[in-house]
Amino acid sequence: MSFFDVAEAAVAAALDAGARYADARVMHKRYESMEARNGEVEELNSDESAGIGVRALVGSSWGFYAVPDLSDSAARLAGARATAIAKASARVAGPGVDLVPTTVNTATWASECRIDPLAVPLSDKGDLLTHATKTMVEHGADQATGVYQIWDTRKWFVSSEGHRIDQHVRECGAGIQATAIGEGETQVRSYPAARGQYGTRGWELVQGLDLLAHAPRLAEESRELLTAPLCPSGETALILGGEQLFLQIHESVGHAIELDRILGWEAAFAGTSWLDLSQLGSLRYGSELMNITIDPTLPGALGSFGFDDEGTPAAKRYAVKDGIWVGVLAGRDSAALAGLDYGGSVRADGWARLPMVRMTNVGLEPGPHTLEQIIAETDDGVFMEHNRSWSIDDKRLNFQFGCEIAYEVKNGKKGRMLRNPTYTGIGPKFWQSMDMLSSEIEYWGTPNCGKGQPTQVGHTGHPSAPARFRNVRVGVRA
Amino acid sequence: MNVSQTAEQVLDLAVRALPGAEVDVTADAVHRGLTRFANSRIHQNVAEDTVSVRLRAHLDGRTVTTTTTLTSPEGLTSLVSRTAAAVRSAPRDPGWPGLAPAAPLVLSGVVDEATRDASPDDRAARVRDFVDAAGGLETAGYCQTGHWSGAYRNSAGQALAAQATTAELDGIARDAGADGVARRSSVRLSDLDGAAQGARAAAKARSQADPVELPPDRYEVILEPEAVADLLTNFALFGFNAKAVQERRSFAEVGAAQFDEAISLYDEPREPFDGEGTPRTRLALVEKGVTTALAHDRRTAAVAGAASTGHGGSAAWGPILNNLGFAPGAGSTEEMISRIKRGLLITDLWYTRVLDPRTLALTGLTRNGVWLIEGGEVTRPVRNMRFTQLYPQALGPGAVLGVGAEAVPQPSRVFLGAWTAPALHLASWNITGNASG
């Protein structure tokens with residue numbers, strides 16, 4: 001019995017029990033991670049998970065049931081239970097649920113992978129992290145950590161509309177971090193990103209990072225930060241490195257354009273959005289330099305796939321075009337309710353989780369400048385890079401970010417290092433102040449985006465480059 | 001096959017496959033039912049029955065941990081084979097603290113049969129009560145019931161098994177864009193009163209019409225239990241974690257008077273043992289303002305020459321507290337309000353993030369209701385604000401002006417986790433921005 005057969009049995013049972021639509025995902029997921037500290041491995045995990053999740057629609061209500069048993073009988077029981085749960089939802093029912101049409105596909109898709117990360121010997125991977133962290137300690141770090149993570153996911157999706165799709169998504173990434181501890185505070189430096197860099201690629205991604213080469217610099221910068229002057233307080237020109245700007249995109253654009261938030265479906269837990277659907281197509285989100293795309297077709301980015309978890313094929317669309325809000329991240333039911341004609345952004349982080357609207361690759365299209373030009377054209381400002389903390393209100397408007405490191409910019413030159421840099425603002429006002437944008441785009445990956453109850457971890461990608469913003473408040477203090 | 005039998009079988013297989021290894025096994029069965037509502041209707045209704053098995057092996061100075069949800073004979077055999085292959089090529093682990101010795105349970109888990117067997121209809125009824133009590137306001141939130149059954153076995157002879165239940169109801173009511181909230185966690189679904197919570201959330205939402213915007217400043221505040229739960233979350237993650245203390249990343253110092261003498265903190269576990277097989281008990285962390293203990297796993301305990309407190313979680317993160325609580329005081333929120341000349345009543349804190357772990361400096365925002373207190377009375381609602389605050393400083397000696405008499409169990413994001421929080425009256429809270437930026 002194939003996994004497609006298992007999924008089809010579940011869907012058939014859901015329909016027999018009274019569902020008007022049903023889909024089922026069989027997933028088999030392998031995960032491996034290693035963490036090292038100060039030259040020694042401190043954790044090595046190897047996980048394997050498999051099961052089936054069934055979604056059933058009865059009237060205006062969804063039901064979902066998941067079980068780690070891939071027998072025909074268990075799949076049929078799961079289908080029936082999903083329908084029974086949907087029927088119970090009718091006790092507090094709402095408006096009708098429709099699904100926007102999507103192409104019904106029989107398809108296979110796999111992400112690109114030149115070196116299978118699970119096939120790389122553990123000893124080689126351990127050597128990489130232990131050498132990198134040992135090197136950071138030798139160069140002055142009090143705590144030096146390194147991590148890699150690998151996900152290998154197979155999915156078989158079947159729907160009552162006739163979908164039959166299997167996908168093989170391989171993702172991995174790594175990062176290192178040096179911490180220096182002073183009298184009253186800690187200072188941190190990370191490479192290549194605060195939580196590492198990740199993509200839908202093989203171990204060649206990690207090899208390309210060259211972690212060892214950056215280890216001495218990180219340790220030295222973390223120590224130097226302990227005695228650097230504080231970032232000044234006030235309003236100034238702010239230049240953000242691409243790694244920090246990707247999180248700004250994630251938090252103040254990506255989450256804000258999630259249609260389930262806009263519709264209030266996540267109001268209690270994740271919050272809502274400041275965006276009003278009646279303004280789609282006319283609202284000025286940012287300056288004319290701001291072009292944000294939703295594009296799961298980008299090769300190697302962490303939010304890439306062939307089909308989402310409703311079977312909708314990956315496709316590029318704009319969320320913000322020339323500074324105007326024009327698109328949302330949607331699923332088939334949320335799009336139908338909002339009167340839109342597209343879904344394509346629904347995923348779940350495992351077979352036991354209900355698929356929901358998630359970011360795919362949400363990022364900036366390139367601008368005309370380079371970072372060097374941006375600094376050269378700034379008389380007075382601050383250049384911040386590498387995220388250290390992030391916080392934004394429940395409507396995705398008021399934000400405050402902290403960065404690991406900053407530099408004075410005076411008369412077109414990068415000056416002295418600054419510690420504890422923070423900046424704060426309101427989303428649309430901030431994006432409208434963007435007046436220079438670099439062409440130096442990188443695809444940054446976020447493997448830890450939390451949303452949903454129980455919390456699901458989403459993998460998202462974010463093309464981003466350095467940019468400049470005018471009159472931003474910096475240097476907020478505790 | 002129940003979880004004890006599963007754990008026993010995996011231990012037998014592993015001991016045979018890895019002669020001379022130290023081996024331990026956990027098997028956890030979780031049934032979770034969750035009913036989410038938004039726009040005053042149930043929009044997600046989910047259930048899962050999962051069994052996961054974790055096998056840890058230490059051989060020739062190397063350690064590896066593997067897990068699976070495949071519990072067929074073939075799946076368990078594969079788990080053991082995978083572990084045996086991995087441990088031989090794993091990097092060295094000089095910090096291995098050894099296995100937990102045989103020791104009996106101190107606490108028994110609380111299993112409420114009605115909660116264990118709760119149906120989607122039982123949860124929907126709580127949601128119906130919440131929605132109805134909100135009197136036409138838009139509502140959103142969730143009701144969850146869950147049952148955990150877990151077993152631990154190791155090659156040093158430790159054998160434990162326990163069960164526990166959990167129930168949570170967490171919801172907001174919305175009036176013209178203003179939200180009010182009510183949250184509660186228990187081991188019994190019958191403790192959750194949907195009507196009472198819906199009424200509290202609605203009352204808070206309705207009393208926020210025409211809010212004022214206040215300037216950044218240090219304000220005297222009352223934090224309600226929902227907000228205090230955030231303090232407990234961050235103290236649990238970053239404060240009393242012995243690994244963070246050993247690495248000088250935490251403010252906590254055993255024996256020091258770090259808090260106001262009105263503050264006592266304890267951990268009251270709902271799971272009777274941890275993933276390393278150490279029985280748990282109630283742990284007093286702060287007594288009358290003095291830090292008295294830290295949460296230890298076996299690795300941090302070995303470094304400190306102490307005993308594990310049963311808070312083993314991740315080796316990389318260190319010990320984890322999931323059930324931290326404040327001992328209640330004697331005050332009521334009304335009495336606290338009556339003593340304030342000018343201050344703020346804050347219901348909830350949102351999206352708090354650590355700026356510096358050693359000082360436990362955090363930034364975040366208020367949510368679900370803030371009001372101005374003037375002359376001992378609540379006078380008007382206030383727009384949400386951003387704060388940037390050192391949490392230990394807010395509870396430091398002389399900084400706590402009152403502790404509420406009712407400590408309310410609040411849901412956490414961890415299954416079987418809960419924060420038990422009374423209202424707190426604090427001398428100062430650092431507001432650093434407002435809704436207009």
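Calculation rules
Counting from 1, residues in each chain are numbered in the order their sequence is written. Whichever chain is written first is A, and whichever ligand is written first is 1; the rest continue in order. In keeping with the predicted nature of the model, local features appear solely for residues at pLDDT of at least 70, side-chain atom pairs appear and are counted solely at 80 or more, and the whole-chain, interface and lining totals rest on all residues. For the side-chain quantities, the full set of heavy atoms in the structure was used; hydrogens and water were omitted. The secondary structure listing takes helices from DSSP runs of H or I that are at least 4 residues long and strands from runs of E that are at least 2 residues long, numbered from the N terminus. Radius of gyration here uses only the C-alpha atoms, and the compact-globule reference equals 2.2 Å multiplied by the residue count raised to the power 0.38. A 1.4 Å probe rolled over the protein chains alone gives each residue an accessible area, and that area as a share of the maximum for its type sets the label: buried under 20%, exposed over 50%, partly exposed in between. In what follows, a contact means two residues having at least one pair of non-hydrogen atoms within 4.5 Å. For the charge count, each Lys or Arg is scored as positive and each Asp or Glu as negative, with His and the chain ends excluded. A charge is said to be at NZ when it belongs to Lys, at CZ for Arg, at CG for Asp and at CD for Glu. Inter-axis angles, ranging from 0 to 180 degrees, are taken between N-to-C directions of lines fitted to C-alpha atoms, where helices are fitted over the stretch in contact. Between 65 and 115 degrees an angle is taken as roughly perpendicular, under 35 as roughly parallel, over 145 as roughly antiparallel, and anywhere else as oblique. Here is the rule for handedness: rotate from the far helix to the near one, and if that takes an anticlockwise turn smaller than a right angle the crossing is left-handed, while a clockwise turn gives right-handed. Under the grouping applied here, Gly and all other residues not named as nonpolar or charged are polar, the nonpolar ones being Ala, Val, Leu, Ile, Met, Phe, Trp, Tyr, Cys and Pro and the charged ones Asp, Glu, Lys and Arg. As used here, buried area is the combined drop in accessible area, with a 1.4 Å probe, of two parts when they are placed together. Salt bridges, as used here, are contacts in which a Lys or Arg side-chain nitrogen is within 4 Å of a carboxyl oxygen on Asp or Glu. A 3.5 Å cut-off defines polar contacts: any pair of N or O atoms within that distance qualifies, except that in protein one atom must be a possible hydrogen donor and the other a possible acceptor, and neighbouring residues in sequence count only when both atoms are side-chain atoms. Expected span of a helix, by definition, is 1.5 Å for each gap between consecutive residues, and there is one gap fewer than residues. Two strands qualify as a pair provided that DSSP identifies no fewer than 2 bridges between them. Stacked, tilted and edge-to-face pairs are distinguished by plane angle, under 30 degrees for stacked and over 60 for edge-to-face with tilted covering the rest, among Phe, Tyr and Trp rings (Trp via its six-membered ring) whose centres lie within 6.5 Å. Whether a charge sits over a ring depends on NZ of Lys or CZ of Arg being within 6 Å of the ring centre and within 35 degrees of the ring normal. UniProt positions are given in the numbering used here, feature names are shortened, and annotations may be inferred rather than shown by experiment. Take the buried Ala, Val, Leu, Ile, Met, Phe, Trp, Tyr and Cys residues and link them wherever side-chain atoms come within 4.5 Å; each set so joined is a nonpolar core. Each residue carries a pLDDT score, the predictor's confidence in it, ranging from 0 to 100. Think of it as the arc spanned by the lines of direction from the helix axis to the C-beta atoms.

Of regular secondary structure, chain A possesses 10 helices and 23 strands. The C-alpha radius of gyration of chain A comes to 23 Å, within 12% of the 23 Å expected for a compact globule of 478 residues. If you line up chain A on its principal axes, its C-alpha atoms span 70 × 55 × 35 Å. Counting only residues that meet the buried cut, chain A has 67% of its 478 residues in that class.

Scanning chain B from N- to C-terminus turns up 10 helices and 19 strands. Over its C-alpha atoms chain B spans a radius of gyration of 23 Å, differing by no more than 12% from the 22 Å that the globule rule assigns to 437 residues. Overall, the C-alpha framework of chain B stretches about 75 × 50 × 35 Å when taken along its three principal axes. Of all 437 residues assigned to chain B, the portion counted as buried reaches 62%. Restricting the contact set of chain B to residue pairs at least 6 apart, pairs at least 24 apart contribute 72%. Distance between charge centres in chain B, computed from 42 positive and 49 negative side chains, equals 5 Å.

Right, let's get into the packing of helix 3 (residues 122-138) of chain A against helix 5 (residues 211-226) of chain A. Residues and elements named next belong to chain A. At a minimum axis separation of 8 Å, helix 3 and helix 5 run at an interaxial angle of 25°. Classified by the angle their axes make, helix 3 and helix 5 are roughly parallel. Both helix 3 and helix 5 take part in a crossing whose hand is right-handed. Along its contact with helix 3, which presents Leu128, Leu129, His131, Ala132, Thr135 and Met136, the element helix 5 presents Leu211, Leu212, Ala215, Pro216, Leu218 and Ala219. Residues that form the contact of helix 3 with helix 5 fall into these classes: 10 nonpolar, 2 polar and no charged.

Facing the 81 residues of chain A at the interface are 84 residues of chain B. Both sides of the chain A and chain B interface together cover about 6,700 Å² of buried area, and 50% of this is carbon and sulfur. In terms of surface lost to chain B, no three residues of chain A exceed A:Glu48, A:Val92 and A:Gln453, which account for 11% of the buried area on that side. The interface formed by chain A and chain B contains 9 salt bridges. Note that B:Glu48 and A:Arg353 form a salt bridge whose closest N and O atoms lie 2.5 Å from each other. Our count for the contact surface shared by chain A and chain B stands at 41 residue pairs in polar contact (both at pLDDT 80 or more).

Residues and elements named next belong to chain A. With 16 residues, helix 5 should cover 22 Å at 1.5 Å per step; its first-to-last C-alpha distance of 23 Å lies within 8% of that length. Buried within helix 5 we find Leu211, Ala215, Leu218, Ala219, Glu221, Ser222, Leu225 and Leu226. On its buried face, helix 5 sits against helix 3, strand 6 (164-181), strand 7 (186-191), helix 4 (204-209), strand 17 (398-410) and strand 18 (413-418).

As a working rule, side chains carrying opposite charge can pair if their charged atoms are close by. For the structure on display, the rule yields 53 salt bridges over all chains. A:Arg37 is paired through a salt bridge with A:Glu42; the nearest N and O atoms lie 3.3 Å apart. Each member of the pair, A:Arg37 as well as A:Glu42, is classed as buried. In this structure, A:Arg37 engages B:Glu247 in a salt bridge whose closest nitrogen and oxygen atoms are separated by 2.8 Å. A residue pair is termed interchain when its members come from two chains, as with A:Arg37 in strand 1 (residues 21-37) and B:Glu247 in the loop between helix 7 (242-246) and strand 8 (265-267). With relative accessibility at 11%, the residue B:Glu247 sits in the buried group.

Residues and elements named next belong to chain A. Sheet architecture is open: 4 strands sit in the order 12-11-10-15, paired in antiparallel fashion. Among the strands making up the open sheet, the edge pair consists of strand 12 (324-325) and strand 15 (362-364). Here helix 6 (residues 242-254) sits on the sheet in contact with strand 10 (292-294) and strand 15, set at roughly 120° to strand 15.

What follows deals with the packing of aromatic side chains. Across all of its chains, the model carries 29 aromatic pairs over all chains by this definition. Between A:Tyr21 and A:Trp62, the ring centres sit 6.0 Å apart and the planes meet at 90°, which makes this aromatic pair edge-to-face. With a gap of 41 residues between them, A:Tyr21 in strand 1 and A:Trp62 in strand 3 (residues 61-67) connect regions that are remote in the sequence. Looking at A:Trp62, the relative accessible area reads 7%, which means it is buried. A centroid spacing of 6.2 Å and a plane angle of 70° characterise the contact between B:Phe240 and B:Phe251, whose relative ring orientation is edge-to-face. Placement of the pair is B:Phe240 in the loop between helix 6 (225-239) and helix 7 and B:Phe251 in the loop between helix 7 and strand 8, with a sequence separation of 11 residues. There is no split in this pair, since B:Phe240 and B:Phe251 are both buried. By the ring-pair criterion, three or more aromatic residues cluster together here, those being B:Phe235, B:Phe240, B:Phe251, B:Phe259, B:Phe387, B:Tyr391 and B:Trp429. Stacked on the ring of A:Tyr318, the Lys or Arg A:Lys321 has its end atom at 4.4 Å from the ring centre.

The residues that UniProt annotates with the feature "domain: Metalloprotease TldD/E C-terminal" (unreviewed entry) are residues 217-432 of chain B. Taken end to end, residues 217-432 of chain B is 17% helix and 38% strand, and its two terminal C-alpha atoms sit 7 Å from one another.

Turning next to the nonpolar core. Membership of the largest hydrophobic core comes to 59 residues, with the highest contact counts inside it found for A:Ile257, A:Tyr285, A:Met384, A:Tyr423 and A:Trp431. Those residues in contact with A:Ile257 that lie beyond four places of it in its chain are A:Ile262, A:Leu275, A:Tyr285, A:Ile294, A:Ala319, A:Trp325, A:Gly327, A:Val328, A:Leu329 and A:Val362. Grouped together as the second largest cluster of nonpolar side chains are 50 residues, B:Val212, B:Tyr219, B:Leu223 and B:Leu424 included.

Backbone torsion omega between A:Tyr191 and A:Pro192 reads -5°, so that peptide bond is classified as cis. Phi is positive for B:Asp60, which is not a glycine, with a value near 50°. Relative to the elements of secondary structure, B:Asp60 occurs in the loop between strand 2 (41-59) and strand 3 (62-68). For B:Lys288, which is not glycine, the phi torsion reads 50° and is therefore positive. Mapped onto the elements of the fold, B:Lys288 is located in the loop between strand 9 (283-287) and strand 10 (290-291).

So, about the environment of B:Ala140. Turning to its location among the elements, B:Ala140 is positioned in strand 4 (residues 138-154). Separated by 54 residues in the primary sequence, B:Ala140 and B:Gly194 place their C-alpha atoms 12 Å from one another. B:Ala140 has contacts with A:Ala267, A:Ala268, B:Phe37, B:Ala38, B:Asp170, B:Gly171 and B:Ile172, leaving out every residue within four places of it along the chain.

Now for the confidence of the model for chain B. This prediction gives chain B a mean pLDDT of 96; 100% of its residues lie at or above 70. Across the interface, the model reports ipTM at 0.93; the global pTM reads 0.95.

Time to look at the environment of A:Asp260. Residue and element names in this part refer to chain A. Take Asp260: it is sitting in helix 7 (residues 259-262). When the C-alpha positions of Asp260 and Arg37 are compared, they lie 40 Å apart, and in sequence the two are 223 residues distant. Discounting chain neighbours no more than four positions away, the residues touching Asp260 are Trp265, Glu266, Met356, Val357 and Lys451.

Quick look at the environment of A:Val120 now. All names here are of chain A. By secondary structure assignment, the location of Val120 is in the loop between strand 4 (106-110) and helix 3. Spatially, the C-alpha atoms of Val120 and Asp5 are 33 Å apart, while their sequence positions differ by 115 residues. Residues within four places of Val120 in sequence aside, it is in contact with Ile115, Lys125 and Trp203.

Residue position: A:Ser389 is located in strand 16 (residues 380-392). With residues up to four places along the chain from it excluded, the contact list for A:Ser389 reads A:Gln400, A:Phe401, A:Gly402, B:Arg353, B:Val354 and B:Leu355.

Once that is clear, we can look at the pairing of strand 1 of chain A. Where a strand is regular, its side chains alternate between the two sheet faces. Residues and elements named next belong to chain A. Burial runs high along strand 1: 13 of the 17 residues are buried. When strand 1 meets strand 2 (residues 40-58), the two strands line up antiparallel, connected through 17 bridges. In the strand pairing of strand 2, His28 is matched with Ala50. Linking strand 1 back to strand 2 in an antiparallel pair, the connection comprises 2 residues, with Asn38 at a positive phi of about 50°.

Turning to helix 5 (residues 194-206) of chain B, a few remarks are in order. Residue and element names in this part refer to chain B. The terminal C-alpha atoms of helix 5, which comprises 13 residues, lie 18 Å apart, in line with the 18 Å expected from a rise of 1.5 Å per residue. Along helix 5, the positions that sit buried rather than exposed are Gly194, Gln197, Gly198, Ala201, Ala202, Lys204 and Ala205. Buried residues of helix 5, seen end-on, are gathered within an arc of 160° and therefore sit on one face of the element. The elements touched by buried residues of helix 5 are helix 4 (120-133), strand 5 (159-175), strand 6 (178-186), strand 12 (342-356) and strand 13 (361-374).

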